[in-house]
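Structure at a glance
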Amino acid sequence: MQAISILSIFIIGLLMTSCSVPSSESTVLLPVKDDPTISFRIWFKTGSQNDPGGKEGLAALTASMMVEGATEKHSYEDILSALYPMAASYYVTVDKEMTVFIGRVHKDNLQDYYPYFIDALLHPKFAEDDFTRIKTDMINSIEKSLRYSSDEELGKAAFYNFVYEGTPYGHLDLGTVSSLEAITLDDVRTFYNTWFTRDNVVIGLGGGYADTLVATLERDFEMQLPEGKTVQPGAPAPIPVEGRHVLLVEKECNATAISFGFPIDVLRGDEDFWALALFNSWFGEHRNSSSHLYQVIREARGMNYGDYSYIEIFPNGGSRHMPAPNHARRQQLFEIWLRPVQHQHRHFALRAAIRELQHVVDSGMTQEEFALTQQFLDKYALHYATTTMGRLGYAIDSKFYGIDGDYIEMFRRHIAGLTLDEVNAAIRKHLQYKNLRIAMVTMGAQEFADELAADTPSPVTYDTPKPEEVLEEDKIIEAYPLDIARENISIVPVEEMFR
């Protein structure tokens, strides 16, 4: 009875709605007094960049076992049964440099929810049966899902590995089939004890929480996480790209997925970031039919579902409309993603996209394009984070990048203050079209490689009539020189990918 009484007092304290505790080095706080829910984002400063050589996927496997496995007190089945009536859950995202445990619960259910959530982080059981189950799922995700169920995600994964080969970013967060097979349960325990320490955690809390919840989390982590300073590797230094290099993934498929780009040095918050963000929105805003690439390839020619560009990594683009927070990195890339096109259009579509990139790098945006995009982004940016959980995610990213204040408001303010000259100067400084890494998932890769190396013209035909100006421009695009050297083209069978 005494224990219950103490617990009741503790919970009453948690639910007191005084939300004045300021953020600190180890906390990111976003109090929203009238929000009936509480959002957790617990950030550990580790990720797939910390996978040991030959054990790639260890960070993801360890984190997955913490949220999809048993704790010392409860089986995984019992945890799911307990959370279901609360309509609550928790999960984890693992990226190159960030591992973030995410949970959300109505504050009326905090008393029941918190013990399960905190146990997952502090007392994972790392049971043998969970290890076998989750590792098998991860291997299946590579062998069955990534290789054979989504050519778009396969193409992007191939492109990212191509860009960052030889660096800590140069492998799937999932790892490879052989590296996962090499991981032991002792590896998981060692990784947990090394990276999930009290010195390596940042508490992210949002919504209608009480100050006492912050203190409780800090106390629990301080008393129950192991000590341990960590040393991070340096920021990745991708191999400089000289010329255009092509990776063709040979696969029996109905259409060709295309991704290409190159590393850039600009990070969120840098002086030129805002100018590039405006350019990117005009050129290839994700899932925006008014963007330039979309208009050229999808709208005018009907070649595919969409065509986009990015100045920051955009995971799971096939299922998301807005960027996901908590994928902050010290090294970013400029990427163009063409959703699958018919094989007979692959050469033409690649030419069309690179030609459009060349045009804007050489000529810049016009005043009209700039003004329309500036006006558009002022409103559109509000959709980046429409929930407390989303805003909390951006707040954590801001801590990663050393940004003070509300990022969305900062974004809108900087965009509003830009000039056309600043945007075009940033385009000329950071973007180019001569040195590219290109990854394509396609069929008949050898024949296509020969066509690319020979710069064979790629005339296009349509099933429906097109305006005369489109057909006239097509004659220019079909002969646009790609200048790809034969020795810069490699072909990999899909079954060899991520082995």
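A brief structural summary. Quick caveat, the model's predicted, so the values are computed rather than measured.

Of the two faces of strand 8 (residues 307-310), the one carrying Asp307 and Ser309 and the one carrying Tyr308 and Tyr310 are both buried. With four bridges connecting them, strand 8 and strand 9 (residues 332-342) associate as antiparallel partners. Across the sheet, Tyr310 pairs through a bridge with Glu335, a residue of strand 9.

This paragraph deals with the environment of Ile139. With respect to the secondary-structure elements, Ile139 resides in helix 5 (residues 128-148). Classification of Ile139 by relative accessible area gives buried; the value is 12%. When the C-alpha positions of Ile139 and Lys251 are compared, they lie 19 Å apart, and in sequence the two are 112 residues distant. With residues near it in sequence (within four places) discarded, Ile139 still touches Val177, Leu180 and Glu181.

A separate point is the packing of helix 10 (residues 273-284) against helix 13 (residues 367-380). Two numbers describe how helix 10 lies on helix 13: the axes approach to 9 Å, and their chain directions differ by 100°. By the angle between their directions, the pair helix 10 and helix 13 is classed as roughly perpendicular. Residues Ala277, Leu278, Ser281 and Trp282 of helix 10 touch helix 13, and the partners they reach there are Glu369, Phe370, Thr373, Gln374, Phe376 and Leu377. Split into classes, the residues belonging to the contact of helix 10 with helix 13 amount to six nonpolar, three polar and one charged.

Time to look at unusual backbone geometry. Here Asp483, not a glycine, exhibits a phi torsion of approximately 50°, which is positive. Mapped onto the fold, Asp483 is located in the loop between helix 18 (468-477) and strand 11 (489-493). If you check the backbone angles, Phe498 has positive phi at about 60° while not being a glycine. Relative to the assigned elements, Phe498 resides in the segment after strand 11. Phe498 sits in the buried class, given a relative accessible area of 7%.

What follows concerns the sheet that holds strand 4 (residues 99-106). Strand order in this open sheet of five strands is 1-5-2-4-3, and the pairing throughout is mixed. A strand with exactly one partner marks an edge of an open sheet, and here the two such strands are strand 1 (27-31) and strand 3 (89-94). Strand-to-strand twist in this sheet, taken as the mean axis angle between neighbours without regard to direction, amounts to 10°. Relative to strand 4, strand 2 (residues 37-44) runs antiparallel, the two sharing eight bridges. Note that in strand 4 the partner of Ser39 across the bridge is Arg104.

It is worth spelling out the side chain of Ser309 at this point. Topologically, Ser309 is positioned in strand 8. Exposure remark for Ser309: the relative accessible area of 0% places this residue in the buried category. At a separation of 2.6 Å, a polar atom in the side chain of Ser309 contacts the side chain of Asn280. Sequence-distant contacts of Ser309, that is, excluding residues within four places in its chain, are made with Asn280, Phe283, Gly284, Phe334, Glu335 and Ile336.

Moving on to the nonpolar core. Ranked by internal contacts, the top residues of the largest apolar core, which has 84 residues, are Phe260, Phe279 and Phe334. In contact with Phe260, not counting residues within four places along its chain, are Phe159, Phe334, Glu335, Ile336, Leu350, Ala353, Ile354, Leu357, Leu436, Arg437 and Ile438. Core analysis: the next-biggest nonpolar cluster, separate from the first, contains 76 residues, Met66, Val94, Tyr164 and Val441 among them.

It is worth spelling out a negative patch on the surface at this point. On the surface, a cluster of negative charge is made up of Glu77, Asp78, Glu128 and Asp129. Where the negative patch is concerned, the elements lending two or more residues are helix 3 (76-83) and helix 5. Its place among the elements puts Asp129 in helix 5. Residue class for Asp129 comes out exposed when judged on its relative accessible area of 56%.

Turning our eyes to something else, we now look at the pattern of salt bridges. In the structure shown here, the tally under the stated rule is 26 salt bridges. One salt bridge connects Lys96 with Asp173, and the closest N-O pair in it is separated by 3.1 Å. Of the two residues, Lys96 is situated in the loop between strand 3 and strand 4 and Asp173 in the loop between helix 6 (151-164) and helix 7 (177-182); the sequence distance between them amounts to 77 residues. Of the residues examined, Lys96 reaches a relative accessible area of 7% and is grouped as buried. Here Glu409 and Arg412 are joined by a salt bridge, their closest N and O atoms 3.3 Å apart. Of this pair, Glu409 and Arg412 both sit in helix 15 (residues 407-416), three residues apart, which is roughly one turn of the helix.

Criteria and thresholds
- Residues numbered from 1 in each chain as written.
- Predicted model: local features only at pLDDT ≥ 70, side-chain atom pairs only at ≥ 80, totals over all residues.
- Heavy atoms only, no water.
- Buried < 20%, exposed > 50% of the residue type's maximum accessible area, 1.4 Å probe, protein only.
- Helix = DSSP H or I, 4+ residues; strand = E, 2+ residues; numbered from the N terminus.
- Pairing = 2+ DSSP bridges.
- Contact = heavy atoms within 4.5 Å.
- Axes fitted to C-alpha atoms, helices over the stretch in contact; angles between N-to-C directions.
- Parallel < 35°, antiparallel > 145°, perpendicular 65-115°, else oblique.
- Nonpolar A, V, L, I, M, F, W, Y, C, P; charged D, E, K, R; others polar.
- Polar contact = N/O pair within 3.5 Å; in protein donor to acceptor, adjacent residues only side chain to side chain.
- Core = buried A, V, L, I, M, F, W, Y, C linked by side-chain atoms within 4.5 Å.
- Patch = residues over 30% accessible without salt bridge, like charges linked within 9 Å, V, L, I, M, F, W, Y side chains within 5 Å.
- Areas by Shrake-Rupley, 256 points an atom, 1.4 Å probe, with all protein chains shown as cover.
- Salt bridge = Lys/Arg side-chain N within 4 Å of Asp/Glu carboxyl O.
- Lys, Arg positive; Asp, Glu negative; His and termini not counted.
- Charge placed at Lys NZ, Arg CZ, Asp CG, Glu CD.

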